[in-house]
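Now for the letters of each chain:
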Amino acid sequence: MDVIVIGGGIAGVATAYQLRAAGHRVCVVERHATVAQGATYGHSGVVLPSPLDVWFGPTFLRDRRQSSSGVICKTGFGGPARAFVKRLGALRSSEAFAARYALLRPLIDTAESALDDATNRFQLDYEQREGLLYLVRGNDERSLTQPALELLRRFEVPHHALSAAECIAFEHNIPPEPPFAGGVRIEAGRMANCPLFVKQLKQVLDNQGGVQFQTGREVSSIRLESGRAAVELAPRLPAHASAREVEVISGDAVVVAAGAQTLPLIAPFGVKLPLYPLRMHTLNAPVAHEECVPHTTIIDAAKRIAITRMNHRLRISGGAVLLRANQVDEPLTEALTESALALLGEASRDWAPGAARISAALAWEGMKLLSADGLPAVGNAGHPRLFVNAGHGPAGWALALGSAKLIAQQISGTSPDLPADTINALSPVRG
Ligand SMILES: Cc1cc2nc3c(=O)[nH]c(=O)nc-3n(C[C@H](O)[C@H](O)[C@H](O)COP(=O)(O)OP(=O)(O)OC[C@H]3O[C@@H](n4cnc5c(N)ncnc54)[C@H](O)[C@@H]3O)c2cc1C
């Protein structure tokens, strides 16, 4: 089949990869000049989510004070956005958290084996390294991470629950003051450079043939008919729009992997994805004192802020701002941006003091979609020719490869690897 993929982030390129592997011809349309320029660019490097990184559960949004939850909630006082936060709140009970994670787990496993397969097959080197250390401040946070530890045990993920002293013995640069409760070390937890992986995967596809990349082109709308699917491209030069014919690419199916832009692209078909925009931030700060730089990636487990070394810089990512759906395209106010970046600065001072020159950091922000039930929107979107791979939240680096495989299997009409309850839970048209 001929399949059009909208979006050249990790989700779109992974979808192209899995579709090609299943024997389809693919055209990827990306509005930027190259791939991996959206949310994929700002990733913090954590390859696959553990129960401690998913964006739902007992520690997530446990109160609306940004100082403790790490999320600035600007959803207003009424309407759907508030209902969305309430639904997320329902996943804070350990039973609901465990049930949701159990549905996600097969996708994590499929994504992991797809990533390993691509890495080995094409000998890819995208700065992979192992070792994650999650830290918790107080005993209240520590007790809230217990359901996640229970899931690590249940799914046999090797890990070590550590006291504060054990954390410091492992990572000498963590300061003993102010006192903190402890942490969890996952030795096999993986970090890697997501944009580098995406570019390498594109190169593999360029070399193999069968996948065409239309970069610098924006899809303005999708057309679905019973026998064909097509996308309309916005004119290259808007000023000359009236003088040009509308350019159309036709195929047998369309996969929308356009990050936050997925929502407006599929809205005309009456598909309302259960997703809300979340703006996330990154500080890339030059190393200040080499001897203070943590040797491992540190993650503030309650605030979901990751601190990791990338070459001569420290990358501090998190600082989420949850918005109303109609604010996707609006820039954040200066005050909100400052509050989000302040969270990152604080985390760096708390867990890696002296390591980075925050005053000289370059700030970056990116938009992600978050679902109220914690799972991405993946699969057929109500019309036989329309598919979606989006809404991976802030944990979509490698998950996208597993989702892409499901979409390739659905388009090919082959039996999916994932169990039916996970497929139903991922469906873009779930209730
Ligand atoms: C600060 C930050 C830190 C993160 N840290 C992690 C992490 O540690 N681990 C993890 O797993 N995940 C992390 N994430 C999340 C992860 O980066 C995302 O889940 C993933 O990158 C989503 O990829 P995507 O392809 O869906 O979206 P994007 O990367 O946003 O790609 C969508 C693409 O579609 C293109 N597009 C949109 N509309 C159109 C159109 N109309 N026509 C053509 N092209 C279009 C865009 O230009 C863009 O390139 C983080 C995200 C952020 C912002």
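Please refer to the structure higher up on the page.
Because the structure is predicted, anything quoted here is derived from the model rather than measured. (Residues numbered from 1 in each chain as written. Predicted model: local features only at pLDDT ≥ 70, side-chain atom pairs only at ≥ 80, totals over all residues. Heavy atoms only, no water.)

Draft legend 1. Representation of the overall build of the protein in the model. The helix and strand inventory of the protein stands at 12 helices and 18 strands. Here the C-alpha atoms of the protein give a radius of gyration of 21 Å, agreeing with the 22 Å that 2.2 N^0.38 yields for 431 residues. Dimensions of the protein, computed from C-alpha atoms along their principal axes, come out at roughly 65 × 50 × 45 Å. Scored against the burial criterion, the 431 residues of the protein give a buried share of 58%. (Helix = DSSP H or I, 4+ residues; strand = E, 2+ residues; numbered from the N terminus. Rg over C-alpha atoms; globule rule 2.2 N^0.38 Å. Buried < 20%, exposed > 50% of the residue type's maximum accessible area, 1.4 Å probe, protein only.)

Draft legend 2. Structural context of the packing of aromatic side chains. On inspection of all chains with the given rule, the structure shows nine aromatic pairs. With a centroid separation of 6.2 Å and 80 degrees between ring planes, the pair formed by Tyr17 and Phe122 is classed as edge-to-face. With Tyr17 in helix α1 (residues 10-21) and Phe122 in the loop between α4 (94-121) and β4 (129-136), this pair connects stretches of sequence that are 105 residues apart. For Tyr17, a relative accessible area of 7% translates into the label buried. What makes Phe122 partly exposed here is its relative accessible area of 24%. Ring plane angle 50 degrees and centroid distance 5.7 Å describe the contact between Tyr41 and Trp364, whose orientation is recorded as tilted. Here the residue Tyr41 occupies a position in the loop between β2 (25-30) and α2 (66-69), and Trp364 occupies one in strand β16 (residues 362-371), the gap between them amounting to 323 residues. Among the aromatic residues, those joined into a cluster by ring pairs are Tyr126, Phe197 and Trp397. Lying across the ring of Phe213, Lys202 places its NZ or CZ 4.9 Å from the centre. The cationic tip of Arg304 hangs over the ring face of Trp55; the distance from NZ or CZ to the ring centre is 5.9 Å. (Phe/Tyr/Trp six-rings, centres within 6.5 Å; stacked < 30°, edge-to-face > 60°. Lys NZ or Arg CZ within 6 Å of the ring centre and 35° of its normal.)

Draft legend 3. Region of interest: the site of the ligand. Lining the immediate environment of the ligand, one finds 37 residues, of which Glu30, Thr40, Ser44, Val46 and Trp397 sit closest. Glu30 has a polar side-chain atom sitting 2.6 Å from an oxygen atom of the ligand. Take Gly396: an N or O atom from its main chain is 3.0 Å from an oxygen atom of the ligand. Relative to its unbound accessible area of 1000 Å², the ligand is 97% covered by the protein chains. Listed by contribution, the elements that provide at least two residues to the shell around the ligand are α1, β2, β12 (275-286) and β16. (Near = heavy atom within 4 Å. Polar contact = N/O pair within 3.5 Å; in protein donor to acceptor, adjacent residues only side chain to side chain. Areas by Shrake-Rupley, 256 points an atom, 1.4 Å probe, with all protein chains shown as cover.)

Draft legend 4. Fine view of unusual backbone geometry. Across the junction of Glu177 and Pro178, the peptide omega takes the value -10 degrees, indicating a cis bond. Within the secondary structure layout, Pro178 lies in the loop between α7 (164-170) and β6 (182-191). A positive phi angle is found at Glu127, which is not glycine, with a value near 60 degrees. Mapped onto the elements, Glu127 comes out in the loop between α4 and β4. For Asn311, which is not glycine, the phi dihedral falls at a positive 55 degrees. With respect to the helices and strands, the residue Asn311 is situated in the loop between β14 (305-310) and β15 (313-323). With relative accessibility at 59%, the residue Asn311 sits in the exposed group.

Draft legend 5. Highlighting empty space enclosed by the protein. For the structure shown, the criterion picks out two cavities of 30 Å³ or more. For the largest cavity, the calculated volume is near 110 Å³. Along the wall of the largest cavity there are 15 residues; nearest its centre are Trp55, Gly374, His392, Gly393 and Ala395. When grouped by side-chain class, the residues that make up the lining of the largest cavity number 10 nonpolar, five polar and no charged. Each pocket or cavity is described by its volume, and for the second largest cavity that value is around 70 Å³. Taken together, Pro51, Leu52, Phe56, Gly57, Pro58, Thr59, Phe97, Leu144, Thr145, Ala148, Ala301 and Arg304 make up the full set of residues lining the second largest cavity. Of the residues contributing to the lining of the second largest cavity, the split by class is eight nonpolar, three polar and one charged. (1 Å grid on protein atoms, 1.4 Å probe; cavity = no way out; pocket = protein on both sides within 12 Å on 5 of 7 lines; lining within 4 Å. Points joined across faces, edges and corners; volume = space filled by probe spheres on them. Nonpolar A, V, L, I, M, F, W, Y, C, P; charged D, E, K, R; others polar.)

Draft legend 6. Up close: the pattern of salt bridges. A complete count under the given rule lists 17 salt bridges for this structure. When the shortest N-O distance is used, the salt bridge between Arg105 and Asp109 registers 3.1 Å. Of this pair, Arg105 and Asp109 both sit in helix α4, four residues apart, which is roughly one turn of that helix. Residue classification places Arg105 among the buried positions, given a relative accessible area of 12%. (Salt bridge = Lys/Arg side-chain N within 4 Å of Asp/Glu carboxyl O.)

Draft legend 7. Layout of the pairing of β2. For β2, the tally of buried residues reaches five of six residues, placing the bulk of the element in the interior. Of the pairings in the sheet, the one linking strand β1 (residues 2-6) to β2 comprises five bridges and is parallel in character. Counterpart to Ile4 in the pairing with β2 is Cys27. You can see the chain leave β1, run along α1 and come back into β2, and the turn it takes is right-handed. (Pairing = 2+ DSSP bridges. Right-handed = clockwise from strand over helix to strand, strands pointing away.)

Draft legend 8. Expanded view of the nonpolar core. If you look at the biggest cluster of nonpolar residues, it comprises 93 residues, and the most contacted ones within it are Phe197, Leu322 and Trp397. Counting residues per element, this core draws most heavily on α4, which supplies 11 residues. Of the residues that make up this core, three or more belong to each of domain 1 (1-47 + 99-128 + 192-274 + 373-431) and domain 2 (59-92 + 130-190 + 275-371). Setting aside its immediate chain neighbours within four residues, Trp397 contacts Ile10, His43, Gly45, Val46, Val47, Leu115, Tyr126, Ala192, Asn193, Cys194 and Phe197. (Core = buried A, V, L, I, M, F, W, Y, C linked by side-chain atoms within 4.5 Å. Domains from an automatic or database assignment. Contact = heavy atoms within 4.5 Å.)

Draft legend 9. Region of interest: the sheet that holds strand β8 (residues 219-224). The strand order β8-β9-β10 describes an open sheet built from three strands, whose pairing is antiparallel. Each having just a single partner strand, β8 and β10 (247-251) make up the two edges of the open sheet. Going across the sheet, the axis of each strand differs from the next one's by a mean of 20 degrees, ignoring polarity. When strand β9 (residues 229-233) meets β10, the two strands line up antiparallel, connected through five bridges. Its bridge partner lying in β10, Ala229 is registered against Gly251. (Axes fitted to C-alpha atoms, helices over the stretch in contact; angles between N-to-C directions.)

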